[in-house]
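# Understanding the architecture of this molecule
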2 protein chains.
Amino acid sequence: MENIKIQKYEDLLLKNGLKRTGARLQVLDVLSNRNSATSQPYLENIIGKAIDRVTLYRILKTFEEKGIIHRILDNQGTANYAICSNSCTAHNHHDEHVHFNCNNCLKVYCLAETKIPPLKMPAGFEVYSMNLIVSGICKDCKQHTN
Amino acid sequence: MENIKIQKYEDLLLKNGLKRTGARLQVLDVLSNRNSATSQPYLENIIGKAIDRVTLYRILKTFEEKGIIHRILDNQGTANYAICSNSCTAHNHHDEHVHFNCNNCLKVYCLAETKIPPLKMPAGFEVYSMNLIVSGICKDCKQHTN
DNA sequence: TTCGTAACACAACATTGTTGCAATTAATAA
DNA sequence: TTATTAATTGCAACAATGTTGTGTTACGAA
């Protein structure tokens, strides 16, 4: 891990009142260096040898509560995690962008620029948040299968 | 179960090349008589005494593959099942309506009339299907808490 | 009635989530 | 720097759900 990155992670932890620990830095580093959301199995596979499974579970839970990351359930119900944009806070997640779940590689992409269009709901339902997952074939897989 | 309903269920099974069995009729009956999608735990709780858990699992799996029901994962990742509209078939699910997950009673509603609005996707992503889950407070819960 | 296949029950195991508790570690005050 | 305290971690244990294999049962066709 480069020092400049570590500094960034430390700031993030500090800002949220969390102690700087090796485990947390590792998780942040893995999540930061990927171009798609990271699945729980993948995380456990990579980090699980160094960090206990329960610790990983609690780190992810804490991060999500603090608004550091957000969780996306893919079409199989597998948890995927991605770093939140800067504007996210514990009480005001700005993660209502669209997610894309590739049927081939199973990756989950955050389409940060693609917002969920406004929706006309039936009367009586009070909307708090929305969660749109688009399924199909991602950029990478389309190219590789051509 | 009323005879007229049983007849309907039998037709549905027959149409999909499935044998008429007590277990399947029971599942169809439970799913048909509810105004929201039915969660796996609920199903298991109600039917699980009469039908083995694995049998229930396989029935649901078969039904989903045949397009008789569709599965909705709620915000906790719990599987919920609902009867498909008539226009569904195994290879052409017409279930791209919106689902509503109540934060209070945790029920999942199929908002059959609320369609997902068209979306502008980034280049390179090929869309097969979309899945929109809206969270909030449902009709019933709003009334009961007032 | 017999035969073949589909459906079922039961056993067993995998994965993920979850809690409690004791041991350890990081932040900070002295 | 050291001591203190609260947060963090590891381990054990368990729950829920998904999943597969296998032997048995039941149903429909010949």
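Just above sits the structure.
Described below are features of the structure shown in this document. No experiment lies behind these values; they were computed from the predicted model shown.

## Examining the interface of chain B and chain A
With 38 residues of chain B in contact, the opposing surface of chain A contributes 38 residues. Summed over both sides, the interface of chain B with chain A buries roughly 2800 Å², with 65% coming from carbon and sulfur. Looking at the side of chain B facing chain A, the largest losses of area belong to L119(B), F125(B) and E126(B), adding up to 18% of the total buried there. Our count for the chain B to chain A interface comes out at two salt bridges. The partner of K142(B) in a salt bridge is E126(A), and the shortest N-O contact between them spans 3.8 Å. Inspection of the chain B/chain A interface yields 10 residue pairs in polar contact (both at pLDDT 80 or more). At the level of elements, β2 (69-73), β4 (97-102), β5 (108-115), β6 (126-137) and α5 (139-145) of chain B are the ones that each hand at least two residues to the side of chain B that touches chain A.

## A word on the packing of helix α1 (residues 3-15) of chain B against helix α2 (residues 22-32) of chain B
Residue and element names in this part refer to chain B. Running from N to C, α1 and α2 point in directions that differ by 115°, and their axes come no closer than 10 Å. Judged on the interaxial angle alone, α2 and α1 are roughly perpendicular. For the pair α1 and α2, the crossing hand works out as right-handed. Note on element contacts: α2 touches α1 through R24, L25, L28, D29 and S32, opposite K5, I6, Y9, E10, L12 and L13. A class-by-class count of the residues in the contact of α1 with α2 yields six nonpolar, one polar and four charged.

Rules used in this analysis
Residues numbered from 1 in each chain as written. Chains lettered and ligands numbered in written order. Predicted model: local features only at pLDDT ≥ 70, side-chain atom pairs only at ≥ 80, totals over all residues. Heavy atoms only, no water. Contact = heavy atoms within 4.5 Å. Buried area = accessible area lost by both parts, 1.4 Å probe. Salt bridge = Lys/Arg side-chain N within 4 Å of Asp/Glu carboxyl O. Polar contact = N/O pair within 3.5 Å; in protein donor to acceptor, adjacent residues only side chain to side chain. Helix = DSSP H or I, 4+ residues; strand = E, 2+ residues; numbered from the N terminus. Axes fitted to C-alpha atoms, helices over the stretch in contact; angles between N-to-C directions. Parallel < 35°, antiparallel > 145°, perpendicular 65-115°, else oblique. Left-handed = near helix turned anticlockwise from the far one by under 90°. Nonpolar A, V, L, I, M, F, W, Y, C, P; charged D, E, K, R; others polar.

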